[in-house]
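# Secondary and tertiary structure notes
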Amino acid sequence: MAPPASISRRFCPSRFSTILRKFFRLPAVRRVPPRGHDGGAAMPQDELQDQMLDVASSATIPEVPSVAGEDGIAPPLGDMSAEEFRRHGRAVVDWMADYFERVEQLPVLAQVEPGEPISKLPAEPPESGRPMEAILADVDRLVVPALTHWSHPGFFAYFATSTSAPGIFGEMLSAAFDVKALLWRGAPAAQELEEVTLSWLRQMIGLPKAFSGIIYDTASVSTLHAIAAAREGLDLRVREDGMSGRADLPLLRVYASEQAHSSVEKCVITLGLGQRSLRKVPTDAEFRMDPAALARAIEEDRAAGHLPFCVVATVGTTSTSSIDPVPAIADLCGRERLWLHVDAAYAGSAAVVPELRHILDGSERADSLVLNPHKWLMTPFDLSVLFTRRMDLLHRAFSLVPEYLRTLDREQEAVRNHSEYGIQLGRRFRALKFWMVLRYFGRDGLAARIREHCRLARLFASWFEAAPGWELLAPVPLSLVCFRACPPRDGETADECAARLDRLNEQIMHAVNASGEAFLSHTKLHDCFTLRLAVGNIRTTEQHVARVWQLLREAYERLDPAGGG
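Residues numbered from 1 in each chain as written. Predicted model: local features only at pLDDT ≥ 70, side-chain atom pairs only at ≥ 80, totals over all residues. Heavy atoms only, no water.

Tallying secondary structure elements over the chain gives 19 helices and 11 strands in all. Considering the chain as a whole, with its 565 residues, one finds that 51% of them fall into the buried category. Looking at the chain as shown, the accessible area adds up to about 26,000 Å², and 54% of this sits on carbon and sulfur atoms. (Helix = DSSP H or I, 4+ residues; strand = E, 2+ residues; numbered from the N terminus. Buried < 20%, exposed > 50% of the residue type's maximum accessible area, 1.4 Å probe, protein only. Areas by Shrake-Rupley, 256 points an atom, 1.4 Å probe, with all protein chains shown as cover.)

Structural data, given as structure tokens:
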């Protein structure tokens, strides 16, 4: 079945280059004809990189009077001239456009050994400047061969993410503005655009108006701030008196499922609560938190004199994309007066798809929720959003304003300085790229791409269901598929069979990754080595998913001929 027409209009590198040339006010340039896209074998990597370097070389750059320093290096004082900036900017723009056209022909997983990139770099810093042409040439020579290409359509490891052209434009503009949004007056547009953009996102995923949002870098940091706000709500004077040396403090308890992200554990470590404060709750057969087990854990802890205060529910776990029963957990948190934080870093983006809105059922009763647009909303890394209905507690936990940052009382009353809602003082203008992504794609465009990713995952899963010697190890609610090869063999004990299948699947994964055409990662489910395929790249098509299936079957037949493939 062909994908919807809205999907076929994917990122176009030539349009990308044209738009950026207009941004830089640059003349048109001669394009290097595409190669290797005629269905034949991909060109060798060295030849490909040579061709990419041609685009970034002076061969495609018209002569411009130089006002730079001697031999094109930096002038004695000041920055690169506007003319030089435009000239080198065009080279970088064309390099990026060609990179997106050619990335599929590069090996998705870096083909280097540890220490190899360091060995090719000078041990001492340069005493004098080098021409920008030489620096860009070194990007090809030193950087590209040592990259794992997250923008490759065959990147299926971890949670496949995706940058996009409007997001890249936003990053470039943000770097040019170079604002440090520590106060409203230091960057009014940065702070207010963030509030408007996050209000749009809140509406797109169906959260009520009671939630306000703030941007951090990653979900780990967003969750850390949520747990800190939850602790502040206990009124234990932890902000003022700390936690060490206090006999009056009981053990504070945080609850998360045994499938929750490891960042929750890092958060309790960082906040000084300690690993023993985190209680991991068992899950059901579909890897979802068991609300009855959670209730028993809370009851046991209260009886032991501990103080439960926060539950972290997950919508889209890392291993399987399982969705905890948030409505039942919200009921329990309401009865027990516990802070409910929802980790929807990956899957929350799917709620922009109308038929998938249900994945956030119950989250409207949470105290906080984290969602990462850099995971599945086509936004360049990094951008994580924390929504909370208790912005007052977040402010109480982190607000600290020295005299040199104080402003007029009238301004303090009228605005919200985002630096008072987290550990970071200076803040990047992250909202700009997300605003540009939302405006370029719109809600419908983002929903169409996420919907297509889920379709590809279901299609991929259907091939395993129909093939002997393979099995799915978890449900496929979104765009992540967990599977393994499981050829039977007579005369084995259960332990021997488990060990053999673990070895086989690890070998299959390494074989696929070594092909350079795809990159898979793994997890362990029920103590079984489990392969994972996550669809999330804006450039991934059905053709790429089908190729992975072919690579898997070829590796299976080669490594276990008796299995039959």
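The antiparallel open sheet is built from four strands, whose spatial order is β8-β9-β11-β10. Every interior strand has two partners, whereas the edge strands, β8 (470-472) and β10 (521-525), have only one. Across this sheet, the average inter-strand angle for adjacent strands is 40 degrees, counted without regard to direction. Lying on the sheet, helix α17 (residues 431-466) is in contact with β8, β9 (480-485) and β11 (528-534); it crosses β9 at an angle near 20 degrees. Lying on the sheet, helix α18 (residues 494-514) is in contact with β8, β9, β10 and β11; it crosses β11 at an angle near 30 degrees. (Pairing = 2+ DSSP bridges. Axes fitted to C-alpha atoms, helices over the stretch in contact; angles between N-to-C directions. Contact = heavy atoms within 4.5 Å.)

Spatial ordering of the open sheet is given by β1-β7-β6-β5-β4-β2-β3, a layout of seven strands whose pairing is mixed. A strand with exactly one partner marks an edge of an open sheet, and here the two such strands are β1 (212-216) and β3 (278-281). If you compare each strand with its neighbour and ignore which way they point, the axes differ by 20 degrees on average. By the bridge criterion, four bridges tie strand β6 (residues 368-371) to strand β7 (residues 384-388) in an arrangement that is antiparallel. Each bridged residue has a counterpart across the sheet, and for Leu371 the counterpart in β7 is Val385. Sitting on the sheet, helix α9 (residues 219-232) touches β1, β2 (252-257), β4 (307-314), β5 (339-343), β6 and β7, and the angle it makes with β7 is about 20 degrees. Contacts from helix α13 (residues 326-336) reach β4 and β5, with the element oriented near 160 degrees to β5.

Another aspect to go through is helix α8 (residues 188-205). The terminal C-alpha atoms of α8 lie 26 Å apart, and with 18 residues this matches the ideal 26 Å at 1.5 Å per residue to within 8%. Along α8, the residues classified as buried are Ala190, Gln191, Leu193, Glu194, Thr197, Leu198, Leu201, Arg202, Met204 and Ile205. In this structure, the buried residues of α8 make contact with β1, β6, α14 (373-376), β7 and α17. (Expected span 1.5 Å × (residues − 1).)

Another aspect to go through is the packing of aromatic side chains. Enumeration over the complete set of coordinates arrives at 20 aromatic pairs. Residues Phe460 and Phe464 carry aromatic rings whose centres are separated by 4.8 Å and whose planes lie at 70 degrees to one another, so their mutual orientation is edge-to-face. Of this pair, Phe460 and Phe464 both sit in helix α17, separated by four residues, roughly a single helical turn. Look at Phe460 and you get buried, because its relative accessible area is 0%. Feature note: the residues Phe460, Trp463, Phe464, Trp470, Phe483, Trp549 and Tyr556 constitute an aromatic cluster, connected by ring pairs. The side chain of Arg416 reaches across the aromatic face of Tyr421, ending 5.4 Å from its centre. (Phe/Tyr/Trp six-rings, centres within 6.5 Å; stacked < 30°, edge-to-face > 60°. Lys NZ or Arg CZ within 6 Å of the ring centre and 35° of its normal.)

Buried residues dominate β9, accounting for six of its six residues. The alternating pattern of β9 places Leu480, Cys482 and Arg484 and Val481, Phe483 and Ala485 on opposite faces, both of which are buried. Two strands pair when backbone bridges link them, and β8 and β9 are joined in this way by three bridges, in the antiparallel orientation. Bridged to Trp470 within β9 is Ala485.

Inspection of the secondary structure puts Met80 in the loop between α3 (45-55) and α4 (82-102). Beyond its immediate sequence surroundings of up to four residues, Met80 is in contact with Phe85, His88 and Met132.

Let us look at the environment of Arg237. Inspection of the secondary structure assignment puts Arg237 in the loop between α9 and α10 (238-241). A residue is classified by how much of its surface remains accessible, and Arg237, at 48% relative accessible area, is partly exposed. Excluding residues within four positions of it along the chain, Arg237 makes contact with Gly242 and Arg246.

In this section: the packing of α9 against helix α15 (residues 391-398). The contact between α9 and α15 brings their axes to 8 Å, and the two run at 90 degrees. Overall, the two elements α9 and α15 adopt an arrangement that is roughly perpendicular. Contacts between α9 and α15 involve His225, Ala228, Ala229 and Glu232 on the former and, on the latter, Leu393, Leu394, Arg396, Ala397 and Phe398. (Parallel < 35°, antiparallel > 145°, perpendicular 65-115°, else oblique.)

What follows deals with the packing of α4 against helix α6 (residues 132-143). Remark: α4 packs on α6, axes separated minimally by 11 Å, with the N-to-C direction vectors making an angle of 15 degrees. Between α4 and α6, the interaxial angle falls into the category roughly parallel. As α4 runs across α6, the sense of the crossing is right-handed. Between α4, through Arg87, His88, Ala91, Val92 and Trp95, and α6, the contact on the second element is made entirely by Met132, Glu133, Leu136, Val139 and Asp140. (Left-handed = near helix turned anticlockwise from the far one by under 90°.)

So, to be careful, I would describe these as geometric facts and stop short of saying anything about function.
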